[in-house]
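Listed here are the chains, written in short residue letters.
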Amino acid sequence: MKLLLKHFTVADKHSPFNGSTKDILISAGKIVSIEDTIAADDAEIVEAKNASISPGWVDVFAHFNDPGFEYKETIESGAAAAAAGGFTTVFVLPNTSPVIGTKSMIEYVLKKAERGIVNVLPLGAVTKNAEGKELAEMYDMRSSGAVAFSDGIYPIQTPGLLLKGLQYVKAFNGTIIQLPIDRSIGKLGLMNEGITSTQLGLPGLPSIAEELIISRDIELTKYTESRLHITGLSTQKSLELVRQAKLDGVNVSCSVTPYHLFYCDEDLIKYDTNLKVDPPLRSRKDMMAMRDGIADGTIDCIASHHLPQDWDHKVCEFEYAHNGMIGLQTAFNVVNHLFPTLSTERLIDLFANNARSVFSLTTSVIELNANADLTLFSRSGHSTLSKESNKSSSNNSAFMQHQLNGEVIGVINKDKVYLTKTQQHEK
């Protein structure tokens, strides 16, 4: 593949070309020329209005349901949604059937995804079958390509077991990802406990179910001197706990979902099952605190928490609906829409640089002779997710038909290119 990107503004603080508008020539998966103007008669050309280029974006928590639940999503359809959302790397959850908890299952995911444009990296289960009873063979999984470890949507409840897991991964500088929910508190809760849950007559899940487990997990990480990533942060106190832990030198990082930034429990007034998520949407005060965490740098990454659900498990009574929302294709647009004045540098830290640093991934830099692992985007313009444009196998998104600011133009990775529109043509 030979590709010429015309008039793209470089958004990469590690690049010597950061902030400048350049023509970029890519050949055989490498950046071979960066100049003010490049002529290449044999290259395909990509042009777009107000276009920027950054290192490829990384999503650290997405469910592709393969193997076992392919009627919700497959590795192929999930990767297509990721590419359309601007992601070149996605960490996929182990909550499949069988669970991604062995060397062979890690190899299955990597093999199935190897030909695609997106790096689909499996999260190995911390415990056998993600049941939270005994540790899985994490060293073998790490040797086979597991990027990090998590029990996914079933966070580890037993402190002694998590302590052992943190000690285990420390031997190879690994990281454990935890969803912050204490399942023994408010186990029947359907939404955030508060005024809105009382008004709607729905049982609530209190904030303390999140805050207790974050406090516990931070202490365990501090004790073991290991590495922990908390994803799905949703309350003001949770954010304060993480902020203080960082100040105390604990090796803890965190991510927030786009929907926890955009919605709060008040938006459940119409019982929209697409807004039934885990952790639940919290109060408006909590939502605004999450936005402050984006602005002040406490939050490290955006995590889509892409969780496909089939029609039967979303188009039903709120009580019976399953948790989760697809989010890969709307993640950038939601954040860009909410934070129009956020610096592009901070935006790219949230979507690319910080995740690469936290999880020790290869750094992608826009410079000569570098591998082309790139995301093309524009902070202007508008995008609307529809059933026709949705690349996922499932349609459970509260952002469906919402016009949001910004556009993903495409991605380049592994000597392949994916464009969301017809901006590519032969000269």
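Residues numbered from 1 in each chain as written. Predicted model: local features only at pLDDT ≥ 70, side-chain atom pairs only at ≥ 80, totals over all residues. Heavy atoms only, no water.

**Student:** Help me understand the state of the cysteines, please; the structure alone is not making it clear to me.
**Tutor:** Two cysteines, two sulfur atoms, one covalent bond between them: this is a disulfide. This model, assessed by the stated rule, comprises zero disulfides. C301 supplies the cysteine sulfur nearest to C254, a cysteine that is in no disulfide, at a spacing of 7.8 Å. On the basis of relative accessible area, C254 is assigned to the buried category, the value being 0%. (Disulfide = S-S within 2.5 Å. Buried < 20%, exposed > 50% of the residue type's maximum accessible area, 1.4 Å probe, protein only.)

**Student:** Sorry, what's going on with the side chain of S253 here?
**Tutor:** Along the chain, S253 turns up in strand β14 (residues 252-256). A polar side-chain atom of S253 sits 2.7 Å from a polar atom in the side chain of H229. Not counting residues up to four positions away in its chain, the partners in contact with S253 are L228, H229, I230, K246, D300 and V358. (Helix = DSSP H or I, 4+ residues; strand = E, 2+ residues; numbered from the N terminus. Polar contact = N/O pair within 3.5 Å; in protein donor to acceptor, adjacent residues only side chain to side chain. Contact = heavy atoms within 4.5 Å.)

**Student:** Would you take a moment to explain the pairing of strand β13 (residues 228-231) for this structure?
**Tutor:** Every regular strand shows the same layout, with side chains that alternate between the two sheet faces. Neither face of β13 is exposed, since L228 and I230 on one face and H229 and T231 on the opposite face are all buried. Here β13 pairs with β14 via four bridges, running parallel. Bridging across to β14, T231 finds its partner in S255. A crossover links β13 with its parallel partner β14, the connecting element being helix α7 (residues 236-247), and its sense is right-handed. (Pairing = 2+ DSSP bridges. Right-handed = clockwise from strand over helix to strand, strands pointing away.)

**Student:** Sorry if this is basic, but what is going on with helix α1 (residues 75-84) here?
**Tutor:** Owing to its 3.6 residues per turn, the α-helix aligns residues three or four sequence positions apart on the same side. For α1, the tally of buried residues reaches eight of ten residues, placing the bulk of the element in the interior. Among the residues of α1, I75, S77, G78, A79, A81, A82, A83 and A84 are the ones counted as buried. Contact partners of the buried residues in α1: β7 (87-92), α2 (103-113), β8 (119-124), β17 (403-413) and β18 (416-419). One or two steps after α1, the chain reaches G86, where phi turns positive at roughly 95°.

**Student:** Help me understand the pattern of salt bridges, please; the structure alone is not making it clear to me.
**Tutor:** Close approach of charged atoms allows side chains of opposite charge to pair. On inspection of all chains with the given rule, the structure shows 15 salt bridges. Between D296 and R243 there is a salt bridge, with its nearest N and O atoms 2.9 Å apart. Note that D296 is positioned in helix α9 (residues 284-296) and R243 in helix α7, a separation of 53 residues in sequence. Overall, the relative accessible area of 43% leaves D296 in the partly exposed class. Overall, R243 belongs to the partly exposed group, its relative accessible area being 28%. (Salt bridge = Lys/Arg side-chain N within 4 Å of Asp/Glu carboxyl O.)

**Student:** How should the nonpolar core be read in this particular structure?
**Tutor:** In a soluble, globular protein the nonpolar side chains are often hidden away together inside. Ranked by size, the top nonpolar core spans 67 residues in total, and within it W57, V90, V120, F149, I294 and F351 carry the most contacts. In contact with F149, not counting residues within four places along its chain, are L123, G124, A125, V126, M138, M141, R142, V169, F172, T175, I176 and I177. I24, I34, I53 and L419 belong to the second largest nonpolar core, which has 19 residues in total. (Core = buried A, V, L, I, M, F, W, Y, C linked by side-chain atoms within 4.5 Å.)

The values reported here are purely geometric and, on their own, carry no functional implication.
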